[in-house]
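Spelled out from the first residue to the last, the chains are:
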Amino acid sequence: LPTVVRCPGLIHDGDRPPANNITNPCCKWEGVTCDDDSRVTSIELRQMKMSGIIPPEVGQLAELRKLYLYKNKLSGTIPPEIGNLAKLTHLSLGDNLLYGNIPEEIGDMISLEYLYLFANKLDGPLPSTIASMRNLKHIGLWDNRLSGSIPSRHSTSALFRKISTHCRQAPMCHSMPSTVTAYHPTHALYNA
């Protein structure tokens, strides 16, 4: 993953044009999709047995819409710079070895529709900024060590009526409002 986000020509300044797909071989890598201006729009590197961290530079991929990194061996924390991905609609980091808190900056991802952070070692409360994510349709958080309460906007919304945090391992399940029903992760998602 660090090689992808640091590939020459993929991250560029607004005044400096990027390399085109002909001169920039990174856009031809398996799992990387670019637009006509060689800007990365999708990274799909699921089940690749990758290890390492998610580099902060991922936040510089301004045109990124899909980031699928689930079922790898990625470790470390989710970098706060991920919040810079305002056009991202799909974020799938589930089934890795990520730990620490979910960064508050995740709420800055205003286009996000699908958020999958399940089966990691994430802990702490859900960030309050998640309440501002108006486009969020699905969220999967089971098999983590999350605690605290569900941010107020979602506590009674349809999005959180069926919650898929694996309640045996998520203290937050004990403090859910009565309008929220917990169910097993085989159902896989929070559904809008």
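For the structure, see preceding data.
Read on for a plain summary of the structure. Worth saying up front: this structure is predicted, and the values here are computed from it rather than measured.

1. Quick look at the packing of aromatic side chains
The geometry of two aromatic rings is summed up by the distance between their centres and the angle between their planes. Tallying each qualifying case throughout the model produces 3 aromatic pairs. Ring centres of Phe118 and Trp142 lie 4.5 Å apart, and the angle between their planes is 5 degrees; this geometry places the pair in the stacked category. Residue Phe118 is found in the loop between β8 (114-116) and β9 (121-125), and its partner Trp142 is found in the loop between β10 (138-140) and β11 (145-147); the two are separated by 24 residues along the sequence. Just as Phe118 is buried, Trp142 falls in that class too. Grouping aromatic residues by their ring pairs yields a cluster made of Tyr114, Tyr116, Phe118 and Trp142. Stacked on the ring of Tyr68, the Lys or Arg Arg46 has its end atom at 4.9 Å from the ring centre.

2. Observations concerning the sheet that holds strand β5 (residues 73-76)
Taken together, 5 strands build an open sheet; the order of strands is β3-β5-β7-β9-β11 and the sheet is parallel. A strand with exactly one partner marks an edge of an open sheet, and here the two such strands are β3 (51-52) and β11. Note: strand β7 (residues 97-100) against β9, 2 bridges, orientation parallel. The residue bridging Tyr99 from the neighbouring strand is Lys121, located in β9.

3. Here we look at unusual backbone geometry
Phi is positive for Ala119, which is not a glycine, with a value near 55 degrees. Here Ala119 shows up in the loop between β8 and β9. Phi is positive for Asp143, which is not a glycine, with a value near 55 degrees. Its place among the elements puts Asp143 in the loop between β10 and β11. Residue class for Asp143 comes out partly exposed when judged on its relative accessible area of 26%.

4. With respect to the environment of Ile78
One can find Ile78 in the loop between β5 and β6 (90-92). Residue Ile78 is classed as buried on the basis of its relative accessible area, which comes to 3%. Along the backbone, Ile78 and Pro55 are 23 residues apart, and their C-alpha atoms lie at a distance of 8.7 Å. Setting aside chain neighbours within four positions, we find Ile78 in contact with Leu93, Leu98, Tyr99, Pro103, Leu117 and Leu122.

The rules behind the values
- Residues numbered from 1 in each chain as written.
- Predicted model: local features only at pLDDT ≥ 70, side-chain atom pairs only at ≥ 80, totals over all residues.
- Heavy atoms only, no water.
- Phe/Tyr/Trp six-rings, centres within 6.5 Å; stacked < 30°, edge-to-face > 60°.
- Helix = DSSP H or I, 4+ residues; strand = E, 2+ residues; numbered from the N terminus.
- Buried < 20%, exposed > 50% of the residue type's maximum accessible area, 1.4 Å probe, protein only.
- Lys NZ or Arg CZ within 6 Å of the ring centre and 35° of its normal.
- Pairing = 2+ DSSP bridges.
- Contact = heavy atoms within 4.5 Å.

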